[in-house]
Amino acid sequence: MIRVFSHSIGDAAQVEAAVDGPVAVVQDAAAVATDEGGDTTCLIIAYRRWVMPEAVELLREIERTLPLVPVILVTDRDSAVARWLSNVRVSALIWFDELETQLPDEIVRVRSTSGLSHLAGVIHRSDLPRLLRTGLAHSLRKAQSTPVRCAGELARAIRCSPVTLSQQFADATARATTLNRFLGGLVLLRAHQLHLSGLNWESVSRIVRFARPTLTRKSQRWPGCTLRELECMDPDQLFAAFNEKFVRPLLSGPDRETAGN
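Below, the structure is looked at part by part. (Residues numbered from 1 in each chain as written. Predicted model: local features only at pLDDT ≥ 70, side-chain atom pairs only at ≥ 80, totals over all residues. Heavy atoms only, no water.)

## Re the nonpolar core
Stated formally: For this analysis, a nonpolar core means a set of buried residues of the types Ala, Val, Leu, Ile, Met, Phe, Trp, Tyr and Cys, connected via side-chain atoms within 4.5 Å. Relative accessibility decides the category of a residue: with a 1.4 Å probe and only protein chains considered, values under 20% of the type maximum give buried, values over 50% give exposed, and everything between is partly exposed. Labels follow the DSSP assignment, with helices taken as runs of H or I lasting at least four residues and strands as runs of E lasting at least two, numbered in each case from the N terminus. Contacts between residues were defined by any pair of non-hydrogen atoms, one from each residue, lying within 4.5 Å.
Among the nonpolar cores identified, the biggest contains 45 residues, and L136, L179, F182, L186, L215 and F242 are the most heavily contacted of them. Sorting the residues of this core by element identifies helix 5 (115–124), helix 6 (130–142), helix 7 (151–158), helix 8 (162–172), helix 9 (179–196), helix 10 (201–208), helix 12 (227–230) and helix 13 (235–251) as the ones contributing at least two each. Considering every element that reaches this core, the biggest residue donor is helix 9, with nine residues. Those residues within four positions of L186 in sequence are excluded, and the remaining contacts are L116, S139, L140, A143, P147 and F242. Judged by nonpolar contacts, the second largest core, of 22 residues, contains M52, L58, V69 and V81.

This is how it looks when you write it as structure tokens:
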């Protein structure tokens, strides 16, 4: 579902009219950064330039609470926009005077962007320790082809100690999970994707470099099902479950602004 929010009812209606497909217009600013149904595939935020400071605060909150949802900002053509957005993430920027011609294509583009690539960018911009940011971003990029097998392999790739990397991950998540389980989750995301593409589990095993019995054990640990049950899962639901299990504790660990979200 595409959700739209604006400080102006008229601007929200203008955005809604430019979207090809179902849209949910959010009336309450406090509800924009939540996704109770877990079905939001894109957020469109429309703010005029004279209220951009308010928009920036909202965008920061969205980045904290919905790090995997692509966000399109619609605003007035203004040279100051780049300065306003220097420390906040948006997936696309569209001017109001190009709304009708640009918005449909940008929605397609941002929704087709790999969730893992998007998450790598979120991790890279986070306040996690530098080594951990580097390692996690590397693991997320690798998960789109051949996933990293374990913390030791990841540590070798970025030339650091696996103990340091694992400890930083444990501290960041308040020990809610481990780096190896995070990496195991990425393996299953890739395995699920490969199986959906038509490969059998034996072929999938060769690509991800884990034998089928090992994949079964990983799947039983998270998301808590057999491979037969895993292959029936919707990709968006599986990715949302990965976010809830591994990403949320990572980005909302102790002593962070996001704690408690």
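## Some thoughts on the pairing of strand 4 (residues 71–75)
Our working rule: A pair of strands counts as paired when DSSP detects no fewer than two bridges linking them.
Buried residues dominate strand 4, accounting for five of its five residues. Here strand 4 shows two buried faces, one formed by V71, L73 and T75 and the other by I72 and V74. Taken together, the four bridges between strand 4 and strand 5 (residues 92–95) define a ladder with parallel strand orientation. Bridging across to strand 5, I72 finds its partner in A92.

## Examining the side chain of T75
Considering the arrangement of structural elements, one finds T75 in strand 4. Residue classification places T75 among the buried positions, given a relative accessible area of 0%. Aside from chain neighbours lying at most four places away, what touches T75 is Y47, R48, R49, M52, V81, L93, I94, W95 and F96.

## Here's the deal with the environment of R125
With respect to the helices, strands and loops of the structure, R125 is situated in the loop between helix 5 and helix 6. Overall, R125 belongs to the partly exposed group, its relative accessible area being 44%. Through-space distance from the C-alpha of R125 to that of L188 is 25 Å; in sequence the pair is 63 residues apart. Ignoring sequence-local partners within four residues, the contact set of R125 consists of E63 and R89.

## With respect to the side chain of T173
Keep this limit in mind: Polar contact is defined as a pair of N or O atoms within 3.5 Å, subject to the rule that within protein one atom must be able to donate a hydrogen and the other to accept it, and that residues adjacent in sequence are counted only when both atoms are side-chain atoms.
Here T173 shows up in the loop between helix 8 and helix 9. The class for T173 is buried, based on a relative accessible area of 3%. A polar contact is formed between the side chain of T173 and the backbone oxygen of A170, at a distance of 3.4 Å. When neighbours within four sequence positions are excluded, T173 is seen to be in contact with P249 and L250.

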